[in-house]
Amino acid sequence: MIKRREAMSVTTRENMRGGRGTIQFVNIFEGDEVDKTRVFSVITVQPGDSIGAHPHEGEGEAYVILDGSATVSEDGVDYVLHTGDAEYCSGGHTHAVLNHTDKPVSILAIVIK
């Protein structure tokens, strides 16, 4: 399947999962376009903004830092991830993201059912 950038929807979420600010999603694939996924998006987190700690049950979520750096908490432990680094939060665990820098961070996020 080929999907051109102009066909991808852009959405935003305020104070996502109890975090701060506005998180932007470029939804690469949506709904049933890709098997076994619920989210397949590039998310942008502005400086000082965050996605609050949230659990995954019966699914997992992969993050890949595409550009920039962010503090990713996994089960309450903080890690600083940079461009090219990745994190996977499997079912029964929690994670969160904070952009601790002065530049936006772009993250590929895939939720796998």
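It should be emphasised that the depicted structure is a prediction, and the values quoted were computed from it without experimental measurement. (Residues numbered from 1 in each chain as written. Predicted model: local features only at pLDDT ≥ 70, side-chain atom pairs only at ≥ 80, totals over all residues. Heavy atoms only, no water.)

**Q** How should the pairing of strand β7 (residues 77–82) be read in this particular structure?
**A** On any regular strand, side chains alternate: one points to one face of the sheet, the next to the other face. As paired strands, strand β6 (residues 69–74) and β7 are joined by six bridges and run antiparallel to one another. The partner of E74 across the bridge, within β7, is V77. As consecutive antiparallel partners, β6 and β7 are separated by two residues, and within that stretch D75 has a phi angle of approximately 50 degrees, a positive value. (Pairing = 2+ DSSP bridges. Helix = DSSP H or I, 4+ residues; strand = E, 2+ residues; numbered from the N terminus.)

**Q** Would you mind going over the sheet that holds β7 with me for this structure?
**A** Sheet strands associate in pairs through backbone hydrogen bonding, adopting either a parallel or an antiparallel arrangement. If you trace the four strands from one edge of the open sheet to the other, you get β4-β9-β6-β7, paired in antiparallel fashion. Each edge of the open sheet carries a strand with a single partner, namely β4 (50–56) and β7. When the angles between neighbouring strand axes are averaged without regard to direction, this sheet yields 20 degrees. Of the strand pairs in this sheet, β6 and strand β9 (residues 93–98) are connected by four bridges, and their pairing is antiparallel. Bridge assignment links T71 to a residue of β9, and that residue is L98. (Axes fitted to C-alpha atoms, helices over the stretch in contact; angles between N-to-C directions.)

**Q** How should the sheet that holds strand β5 (residues 60–67) be read in this particular structure?
**A** Reading across from one edge, β1-β2-β3-β10-β5-β8 is the order of the six strands in this open sheet, with antiparallel pairing throughout. Each edge of the open sheet is held by one strand with a lone partner, namely β1 (9–14) and β8 (86–89). Across the sheet, the axes of successive neighbouring strands diverge by a mean angle of 25 degrees, strand direction being ignored. Two elements, β5 and β8, share four bridges in a ladder whose sense is antiparallel. Opposite E61, over in β8, you have C89 as the bridge partner.

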